[in-house]
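Here is how the chains run, residue by residue.
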Amino acid sequence: MILAVDTSLGTTVAVVDADGRTVAEASTPDPLGHAEVIGDLLAQVARPGITHVVAGMGPGPFTGLRIGIAAARAFALGRGIPLIPIPSHFAIALDASAEGPFAVVTDARRREIAVSVFDGVDADGIPNLIRPTRLEKRGAELDEQTHETTELSAAALARVGAAAIAAGRVLADAEPLYLRSPDVVQPGAPKRVSA
Amino acid sequence: MTGPLVLGIETSCDETGIGIVRGRQLLSNTIASSMDEHARYGGVVPEVAARAHLEALQPSIERALTEAGVTLDELDAIAVTSGPGLAGALMVGVGAAKGLAVSLGKPLYAVNHLVGHIAADILTSDDRATAPLEYPTIALLVSGGHTSLLHVRDLTTDVELLGETVDDAAGEAFDKVARLLGLPYPGGPQIDRVAADGDPKAIRFPRGLSKASDMAKHRYDFSFSGLKTAVARWVERAQSNGEDVPVADVAASFREAVIDVLVTKALAACADRGVPRLLLGGGVIANRRLREVALERAAAAGVAVRIPPLSLCTDNGAMIAGLAAELIASGRGPSTLAFGADSTLPVTEIQVSPA
Ligand SMILES: [Zn+2]
C-alpha cells in the first residue's frame, strides 16, 4: 500500500493498494491551515502495511507545500519505508482526460501561475511531461488547452508514485519545486539616521 | 533509566534542533544551523530558514537517534515547538512532528519555545549533574529572536511574562550595530571581539525604557531600537567631523548599554518579587561580558544565578523534549493533533492544544 501526501493546494492524503484501488482518502480544499489539519488527516488514513510514502513536491505556495513534504518524510522515517517524491502536477495530469497536449495550471500567487505541459501517458502509465514546469504571468496566452484546478487527488498522486516505483523511475528531486528564489535583497550600506 | 524517552523538534528560528531525553537526562542534542546562509543578508531570512529546516530535519533526527543509541520504536513521545517564532519555520517542524507521531502511533506534545529555554536548565548529562531548579525563579531569555523576562513559579503550570522587548530583540541589536561598524554577521561575537580593547565608559549611550517615567508602564520591558539609532548617530557625527570612529570604544559602550539594561531589569524583578534566583537563557548568554556583569551584580544583590551550558542556551530540541518530559511526569496528557504554529504564542501557554 502507498500513502500519498500533498499540500501544494489544499491538504490531501490517501492510501491506495497494490492494485491502485483507493483504500482511504481524507482532504480539505482549504489553501491555508495545512499545519493544523495534516495530523488529523494522516491519522484518518494511517494503517499497518504501508510500504511507500509519496510526497507531492509542488509547485505550490512554499509555506504550505513544505508542511506536507515534512510530514511525508517523517512518516516514512517512522515506518522505515522509502519516500518517493513526485511533482504534484502529475497527479492532476493523470486525472485530466484531455486529447493532445494540455497545460496543467495552478495558482502560484503574486498574479502568477505554475504551468506544466503534458501529452497523454507513456508506456509506464506515467503522464508524459513534454515541457518542464514554469511560472507565467496570470492571463498569459498559453499554446495548449489549459486545465486549471485548485484541487488535486492524493489517490492519483499515489498511482503516479506506484507507476514510478514499478518502472524504477525518479520523477522529482528530493527538494520541493520552488520555482522562485527566496525573496531577499542583500543589504546595502546602512542608511543614515542623522538629518 | 527513569522518566519518559522523548524526542524534541525545534525549528522556531534558524537552528534545526533535535534532542532526545530520558526524563531529565540528556541523551542527544543535535543542531543544524542555517546561520551561514543568512550571513550575507545581515539577519535571519525566514524563507531561507524554512527551506533549510526542511533539508536538515530528517538527517538531524537520524543523527540524534544514533547519538542517543535509541530507536524510534522505543520513544514514549514526540515533542515539538508550536511557538513563538517564525511561522513558516515553525510549520516545518509541526508538519514533521505530526507525520512522525502518527506514523509511530506515539503521543505528541506541542510546547512553548520560551518555556523550553527554562527547561534547558533541568537537563543533566554525564558531565553535568545539576541541582534541581528551585522555584520560584526569575528568568531572563535573550537571543536574536526574543528578549523576555519571566517569573517562573512552576515550569509546567505557572510562568508569568513580566516584560519583553517592544521592538528589536537584544541579539538583533547586536547584529544591526555590528553592521553599522562594518562587522560581519552574526554581530554578537564580532562586537565582543572588537569591544575587548574598548572602554565601556567611553560613550554614554541611552538605556532604553529606563527613565523614571517609563517605570509605570514598562518597568520590565526592553527597547533597543533607540540605542541602535543613538549609536548610528554618534558614528555619523564622528565621520562628518572627519574623525576616525573609535570602533572598540563604540562597541564596548554599546555592549555595556545593552547588558546594563538587561541585568538591571532582571535584578529589579528579583528584588520586586522577592525572588533570590535568576536563570539566564538564550543565545546571547554566550556573550561573556553579559555573564560576567550578571554574576557580579547578582552576587552583590544576593541573587543566585543559573546558566545552562551554552549548547543548551541556544535554540535546541533537547529543551523541547525536556519540557515535554516534565509535562508527562506531572501527569499531563498529549496535545491533540489540531494545533498549528503560533508565532506569537503567549508564555502562559506552556503546552498547546492539550486534550
Ligand atoms: Zn530561543
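Residues numbered from 1 in each chain as written. Chains lettered and ligands numbered in written order. Predicted model: local features only at pLDDT ≥ 70, side-chain atom pairs only at ≥ 80, totals over all residues. Heavy atoms only, no water.

(A) Highlighting the sheet that holds strand β10 (residues 304-306) of chain B. All names here are of chain B. An order of β8-β7-β6-β9-β10 is seen for the five strands of this open sheet, with the pairing classed as mixed. Each of the sheet's edge strands pairs with one partner strand only, and the pair in question is β8 (158-164) and β10. Sheet twist, expressed as the mean angle between neighbouring strand axes with direction ignored, is 25°. Sheet analysis places strand β7 (residues 147-154) next to β8, joined by six bridges and oriented antiparallel. Its bridge partner lying in β8, V152 is registered against V159. Helix α9 (residues 247-273) rests against β6 (137-142), β7, β8 and β9 (277-281) of the sheet, and its axis sits at about 160° to β6. (Pairing = 2+ DSSP bridges. Helix = DSSP H or I, 4+ residues; strand = E, 2+ residues; numbered from the N terminus. Axes fitted to C-alpha atoms, helices over the stretch in contact; angles between N-to-C directions. Contact = heavy atoms within 4.5 Å.)

(B) The arrangement of the interface of chain A and chain B in detail. Contacts between the two partners involve 38 residues from chain A and, on the opposite side, 36 residues from chain B. Approximately 3,200 Å² of surface area, both sides summed, lies buried where chain A meets chain B, with 64% of it carried by carbon and sulfur atoms. For the chain A face of the interface with chain B, the top three residues by lost area are R66(A), L77(A) and V193(A), together amounting to 19%. Taken together, the connections running from chain A to chain B amount to two salt bridges. Between the two partners, chain A and chain B, sit eight residue pairs in polar contact (both at pLDDT 80 or more). Ranked by residues supplied to the side of chain A that touches chain B, first place goes to helix α2 (residues 62-79) of chain A with 13 residues. Here the side of chain A that touches chain B is composed, by residue class, of 22 nonpolar, seven polar and nine charged. (Buried area = accessible area lost by both parts, 1.4 Å probe. Salt bridge = Lys/Arg side-chain N within 4 Å of Asp/Glu carboxyl O. Polar contact = N/O pair within 3.5 Å; in protein donor to acceptor, adjacent residues only side chain to side chain. Nonpolar A, V, L, I, M, F, W, Y, C, P; charged D, E, K, R; others polar.)

(C) Representation of the coordination of the zinc ion within the structure. Residues and elements named next belong to chain B. Here the zinc ion is held by the protein donor atoms H113 (NE2), H117 (NE2), H146 (NE2) and D315 (OD), which lie 2.1 to 2.3 Å from it. Taken together, the four donor atoms coordinating the zinc ion span angles of 90 to 156° at the metal, a pattern that classifies the geometry as irregular. Of note, the zinc ion draws all its donor residues from one chain, in the sequence arrangement H-x3-H-x28-H-x168-D. A residue pair is termed long-range when its members are at least 10 positions apart, and H113 in helix α4 (residues 113-119) and D315 in the loop between α11 (310-313) and α12 (317-329) qualify at 202 residues. The same class applies to H113 and to D315, which are both buried. (Donors = N, O, S within 2.8 Å, 3.2 Å for Na, K, Ca; no water. Tetrahedral: all angles 85-135°; square planar, octahedral: opposite > 155°, others 65-115°. Buried < 20%, exposed > 50% of the residue type's maximum accessible area, 1.4 Å probe, protein only.)

(D) Expanded view of α12(B). Residues and elements named next belong to chain B. End to end, α12 covers 18 Å across 13 residues, agreeing with the expected 18 Å (1.5 Å per residue, within 8%). Of all 13 residues in α12, 11 are buried; the element is thus mostly enclosed. For α12, the full list of buried residues reads G317, A318, M319, I320, A321, G322, L323, A324, A325, E326 and L327. Sitting at the amino-terminal end of α12 is N316, which places a side-chain oxygen 3.0 Å from the backbone nitrogen of A318. Looking at the residues trailing α12, positive phi occurs at G331, about 90°. (Expected span 1.5 Å × (residues − 1).)

(E) Quick peek at the packing of aromatic side chains. Under the definition given, this model contains five aromatic pairs over all chains. Between F90(A) and F118(A), the ring centres sit 5.1 Å apart and the planes meet at 85°, which makes this aromatic pair edge-to-face. Residue F90(A) is found in helix α3 (residues 88-95), and its partner F118(A) is found in strand β7 (residues 112-121); the two are separated by 28 residues along the sequence. Residues F174(B) and F254(B) carry aromatic rings whose centres are separated by 5.2 Å and whose planes lie at 75° to one another, so their mutual orientation is edge-to-face. Note that F174(B) is positioned in helix α5 (residues 170-180) and F254(B) in helix α9, a separation of 80 residues in sequence. Like F254(B), F174(B) is buried. (Phe/Tyr/Trp six-rings, centres within 6.5 Å; stacked < 30°, edge-to-face > 60°.)

(F) A look at the sheet that holds strand β2 (residues 11-16) of chain A. Residues and elements named next belong to chain A. Overall, mixed pairing links the five strands, which are arranged β3-β2-β1-β4-β5 in an open sheet. Strands with a single pairing partner mark the edges of an open sheet, and in this sheet they are β3 (22-28) and β5 (83-86). Sheet twist, expressed as the mean angle between neighbouring strand axes with direction ignored, is 15°. Taken together, the four bridges between strand β1 (residues 2-6) and strand β4 (residues 52-56) define a ladder with parallel strand orientation. In the strand pairing of β4, L3 is matched with V53.

(G) Structural context of the side chain of S116(A). Residues and elements named next belong to chain A. Within the secondary structure layout, S116 lies in strand β7. Polar side-chain contacts of S116 include one of 2.5 Å to the side chain of H89. A distance of 2.7 Å separates a polar atom in the side chain of S116 from a polar atom in the side chain of T133. Excluding its chain neighbours within four sequence positions, the residues that come into contact with S116 are H89, F102, A103, V104, L129, R131 and T133.

(H) Region of the structure containing unusual backbone geometry. For the peptide bond that leads from G58(A) to P59(A), omega is 15°, which places it in the cis range. As for its placement among the helices and strands, P59(A) is situated in the loop between β4 and α2. Cis geometry marks the peptide bond from Y135(B) to P136(B); its omega dihedral reads -10°. Among the secondary structure elements, P136(B) is positioned in the loop between α4 and β6.

(I) Structural view of the confidence of the model for chain B. Model confidence for chain B is summarised by a mean pLDDT of 96, while 100% of its residues fall at 70 or above. Across the predicted assembly, pTM comes out at 0.96 and ipTM at 0.96. (pLDDT = per-residue confidence, 0-100.)

(J) Expanded view of the pattern of salt bridges. This model, assessed by the stated rule, comprises 27 salt bridges over all chains. With a closest N to O distance of 2.7 Å, E112(A) and R180(A) form a salt bridge. Of the two residues, E112(A) is situated in strand β7 and R180(A) in the segment after α4 (154-167); the sequence distance between them amounts to 68 residues. Notably, a salt bridge pairs R219(B) with D272(B), separated by 2.6 Å at the nearest N-O pair.

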